[in-house]
Amino acid sequence: MYVIVGLGNPDRKYLNTRHNIGFDVIDAIAEKNDITLGEKKHKAVIGKGIVAGQKVVLVKPLTYMNLSGESVRSVIDFYKVDEKNELIVISDDINLDMGQIRIRKRGSDGGHNGLKNIIMHLGHNEFIRVRMGVGEKPPKMDLADYVLCHYFEDEREMMNEGARKAALAIEAIVAEGPDAAMNQYNARKRPPQETT
């Protein structure tokens with residue numbers, strides 16, 4: 001069984017914001033695999049179903065981003081999954097171009113408060129994460145303001161496409177393992193800009 005967690009904030013005012021891309025990916029997985037999200041337990045909205053032939057629990061924590069680990073810890077303890085191999089966490093990442101994906105099997109929180117809290121509650125950083133690019137923040141703009149602001153119209157479809165692609169990447173993780181998914185889906189680094 002896999003526990004797949006999308007990070008975000010639960011209030012309606014955070015819909016369609018960069019910080020909520022994790023929720024968007026969970027919604028894309030649920031829609032593609034006919035999974036109903038509605039049960040409220042473990043400080044989250046959850047849905048149970050099948051993805052790529054495997055049982056999964058989809059999780060959208062209701063704790064707000066900075067306390068995401070409380071929900072994740074509760075789900076892991078209840079379903080008794082192997083958190084190093086069967087937990088997948090989806091988060092936003094300002095260091096990737098909009099719509100890009102990067103899969104990792106372990107790593108630091110990278111300054112992301114949701115990941116930081118999960119690492120604190122698990123006591124380690126060895127879990128699969130799918131980082132979703134939301135683009136670099138504009139100069140002089142506050143980071144919190146950037147990740148909590150809504151997409152521009154032309155960005156929304158790009159992010160919807162990114163969420164659909166991430167759903168496929170997560171299916172690949174479940175079906176073939178993270179290494180195969182990394183080879184197929186990981187974003188290439190931005191090429192260096194030419195100077196004139």
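Structure's up top.
Procedures and definitions
- Numbers given for residues are sequential positions, taken from 1 along each chain in its written order.
- With the structure being a predicted model, the display of local features is reserved for residues of pLDDT at least 70 and the display and counting of side-chain atom pairs for 80 or more, all residues being used for whole-chain, interface and lining totals.
- Water and hydrogen atoms were dropped before computing side-chain values, which therefore reflect all heavy atoms in the structure.
- Only protein atoms enter the 1 Å grid used here. Points where a 1.4 Å probe fits but cannot escape make up a cavity, open sets with protein on both sides within 12 Å along at least five of seven lines make up a pocket, and a residue lines them when an atom lies within 4 Å of a point.
- Grid points are joined across faces, edges and corners, and a volume is the space filled by probe spheres set on the points.
- For helices the rule is a DSSP run of H or I covering at least 4 residues; for strands it is a run of E covering at least 2, with both sets numbered from the N terminus onward.
- Classification convention: Asp, Glu, Lys, Arg as charged; Ala, Val, Leu, Ile, Met, Phe, Trp, Tyr, Cys, Pro as nonpolar; all other residues, Gly among them, as polar.
- For every element, the axis is a line fit to its C-alpha atoms; helices are fit only across the contacting stretch, and the angle between N-to-C directions ranges from 0 to 180 degrees.
- The labels follow the angle: roughly parallel below 35 degrees, roughly antiparallel above 145, roughly perpendicular from 65 to 115, and oblique for the rest.
- Crossing chirality is assigned from the near helix's rotation relative to the far helix, an anticlockwise turn below a right angle marking it left-handed and a clockwise turn marking it right-handed.
- The contact definition used throughout considers only heavy atoms, calling two residues in contact when any of these lie within 4.5 Å.
- Relative accessibility under 20% of the residue-type maximum defines a buried residue, over 50% an exposed one, and the middle range a partly exposed one, all with a 1.4 Å probe and only protein chains included.

Colleague: How should the layout of surface pockets be read in this particular structure?
Modeller: Vacant regions in the atomic arrangement are exposed by a probe of water-molecule size rolled over the atoms. Approximately 500 Å³ is the volume found for the largest pocket. Elements with a contribution of two residues or more to the lining of the largest pocket: β5 (87-93), α3 (113-122), β7 (128-133) and α4 (143-148). It is α4 that provides the largest number of residues to the lining of the largest pocket, a total of four residues. Residue classes in the lining of the largest pocket are distributed as eight nonpolar, eleven polar and seven charged.

Colleague: Honestly, the packing of helix α2 (residues 68-79) against α3 in this entry has me stumped. Any pointers?
Modeller: Geometrically, a packed helix pair is captured by the angle between its two axes and the distance between the axes. The contact between α2 and α3 brings their axes to 7 Å, and the two run at 45°. With respect to α3, the axis of α2 lies oblique. Every pair of crossing elements has a handedness; the one defined by α2 and α3 is right-handed. Every residue of α3 that contacts α2 at Ser68, Gly69, Glu70, Val72 and Arg73 is listed here: Gly114, Asn117, Ile118, His121 and Leu122.

Colleague: Before we go on, may I ask you to explain the environment of Ala167 in this structure?
Modeller: The topology assignment puts Ala167 in helix α5 (residues 153-176). Take Ala167: its relative accessible area is 3%, and that puts it in the buried class. Sequence spacing of Ala167 and Leu87 is 80 residues, and the spatial spacing of their C-alpha atoms is 15 Å. Setting aside residues no more than four positions away along its own chain, Ala167 makes contact with Val25, Ala28 and Ile29.

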